[in-house]
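Coordinate analysis (summary)
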Amino acid sequence: MSTSHVIVGDGIAGSSAAETIREEDPDADVTVITDEGEALYNRILIKEFAKGKLPEAPISIHEPEWYEERDIDLQLNTHVNRVDAESQTLHTHSGESYDYDKLLVATGGTPTQLPVENSDAEGIHHFWTFEDAREIKEHAETSETGVIVGAGLLGIDLAAVCAAQGLESKYLMRGNRWWRYALSLEGAEIIHDALEEKGVDLEFDSGVDHFEVDDDGHVEAAVDPNGKRFDADWVGVAIGLNFNTEWLHGSGVKCDDGVVVDEHMQTNVDNIYAAGDITQFYDTLLGEQAQNGAWGSAKEQGAVAAQNMVADEPVESFQWVSSYSITHFEFPFLSFGHPTLGDETAERKYSDTEWRRLAFKNGQLIGGVLIGDLSQQSALKRIIREQLQVADQKEKLLEPDINVDKLEEPPQAD
């Protein structure tokens, strides 16, 4: 009998898994279930679409025909509301059920809503799906004033949309700099200057106490904890994700700010795997559980999970140095690994738009941020993959060109 594989979620993790399963087991039954109304698209490019820089056409990756050609059953607009792990059955909102031999959880997350008054008002946007991007673009094109909340990697995308669409905008940040968990003030100031050059005003030590709305329930202003009022007929919020794990309640699957998996993408429940943003995975390079929302990481996790799902025993481990780039400015920006973790850091500014910061833990390089010059990313990722003890060689790692082969090996203990 053929094995039944059911994948919940059609992002890059779920789609990568479906493709891998089909390649590894041509006779398997493969079903992909998604609550979205369209097949896989490029989440990286939707920000360019929202900025008005790209039409819709290049953003879709898989048309429904892609699934048909591979004999993959794609179920759109389908909400899974419960899984019975004992009978290995999924139940949907419409009353349908799907039996599985192996299940992959790849449902990602839902943007977190600000816990303040009127945060659900008309005109307040969250940026995650292609449909979100369409609404953001359409509203931005008819708006005059905007407010952005969320000083992280998704928040800056919303700021770039405001700039590209010509909104008079304020970027409200709780601390004294953008992405304060990964950048020092010196590095962040490069980003601050670039945002201001594009017409985005920055408000530090701020945030949102509440939103004001008009008689029709449409947002018209944000008021920060200091009492300052900022006009806004368009608001973008990006303060994190709530992971879509509600449907797993009662299944026995361990969840802790996401679905907990080992290095093989296996959960604690037999025949249930997880991949993508939703996972708290065991990072073999870091030596502990970690999370990562990068596209390449999710794609690799989906492939690793699939290889283990079709095997009798786990055959592949997830080992990956992720990276995330920002392309809104005249200079490049790249974060890699786990730049917000670590017990030591080292940094250097090379010019007005060139800066490097590295994070270390237990003597090993675990991540960093590169601004302006990305030429050393391969060397730095190699150091992470090889788990070299380099924390005492920071100056060499801050040189414009890094020679990994000339790094000193620590003395071996007797």
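Before going into details, it helps to say that this report is about the structure given with it. (Residues numbered from 1 in each chain as written. Predicted model: local features only at pLDDT ≥ 70, side-chain atom pairs only at ≥ 80, totals over all residues. Heavy atoms only, no water.)

Moving on to the sheet that holds strand 13 (residues 210–213). Spatially, the three strands line up as an open sheet ordered 13-14-15, and their pairing is antiparallel. What marks the edges here is a single partner per strand, and that holds for strand 13 and strand 15 (229–231). Across the sheet, the mean angle separating the axes of adjacent strands is 30° when strand polarity is ignored. Of the pairings in the sheet, the one linking strand 14 (residues 219–223) to strand 15 comprises three bridges and is antiparallel in character. Residue pairing for strand 15: Ala222 is matched across the bridge by Phe230. (Pairing = 2+ DSSP bridges. Helix = DSSP H or I, 4+ residues; strand = E, 2+ residues; numbered from the N terminus. Axes fitted to C-alpha atoms, helices over the stretch in contact; angles between N-to-C directions.)

A few words now on unusual backbone geometry. With phi around 50°, Asp205 is a residue other than glycine that occupies positive phi space. By the element assignment, Asp205 lies in the loop between strand 12 (200–203) and strand 13. A positive phi angle, near 55°, is found at Gln387, a position not held by glycine. With respect to the helices and strands, the residue Gln387 is situated in the loop between helix 8 (377–385) and helix 9 (394–397). Residue classification places Gln387 among the partly exposed positions, given a relative accessible area of 33%. (Buried < 20%, exposed > 50% of the residue type's maximum accessible area, 1.4 Å probe, protein only.)

The next thing to look at is the pairing of strand 3 (residues 72–75). Of the two faces of strand 3, the one holding Ile72 and Leu74 is buried and the one holding Asp73 and Gln75 is not buried anywhere. Sheet topology note: the strand 2 (residues 29–33)/strand 3 ladder contains four bridges and is parallel. Of the residues in strand 3, the one forming a bridge with Val30 is Ile72.

Looking now at the side chain of His125. With respect to the helices and strands, His125 occurs in strand 9 (residues 124–126). What makes His125 buried here is its relative accessible area of 9%. Polar side-chain contacts of His125 include one of 2.7 Å to the side chain of His139. Setting aside chain neighbours within four positions, we find His125 in contact with Glu135, Ile136, His139, Trp234, Val235, Gly236 and Val237. (Polar contact = N/O pair within 3.5 Å; in protein donor to acceptor, adjacent residues only side chain to side chain. Contact = heavy atoms within 4.5 Å.)

Attention now goes to the sheet that holds strand 18 (residues 259–260). Two pairing modes exist for strands in a sheet, parallel and antiparallel, and in both the strands are linked by backbone hydrogen bonds. With mixed pairing, three strands are arranged side by side in an open sheet as 18-20-21. Single-partner strands in this sheet number two, and they are strand 18 and strand 21 (288–290). Where strand 20 (residues 279–283) meets strand 21, three bridges bridge the pair, whose relative direction is antiparallel. For Phe281, the partnering residue across the bridge sits in strand 21 and is Ala290.

A word on the packing of aromatic side chains. Note on aromatic pairs: each is described by the distance of the centres and the angle between the planes. Evaluated as defined, the whole model comprises eight aromatic pairs. Here the aromatic rings of Phe49 and Phe130 are separated by 5.5 Å at their centres, their planes lie at 90°, and the arrangement is edge-to-face. Taken together, the residues Phe49 in helix 2 (residues 46–50) and Phe130 in helix 4 (residues 130–140) connect sequence positions 81 residues apart. Under the relative-accessibility criterion, Phe130 is labelled buried at 0%. An aromatic cluster is present here, built from Tyr41, Phe49 and Phe130 joined pairwise through their rings. The ring centre of Phe49 lies 5.5 Å from the NZ or CZ of Lys137, which sits over that ring. Lying across the ring of Phe360, Lys394 places its NZ or CZ 5.2 Å from the centre. (Phe/Tyr/Trp six-rings, centres within 6.5 Å; stacked < 30°, edge-to-face > 60°. Lys NZ or Arg CZ within 6 Å of the ring centre and 35° of its normal.)

What the rule picks out here adds up to 19 salt bridges. In this structure, the salt-bridge partner of Glu203 is Lys170, at a minimum N-O distance of 3.7 Å. Taken together, the residues span a long stretch of sequence, with Glu203 in strand 12 and Lys170 in strand 11 (residues 168–172) at a distance of 33 residues. We classify Glu203 as buried; its relative accessible area is 12%. Residue classification places Lys170 among the partly exposed positions, given a relative accessible area of 24%. (Salt bridge = Lys/Arg side-chain N within 4 Å of Asp/Glu carboxyl O.)

What follows concerns the side chain of Asn42. By the element assignment, Asn42 lies in the loop between strand 2 and helix 2. Not counting residues within four places of it along the chain, the set of residues in contact with Asn42 comprises Ile59, Ile61 and Trp295.

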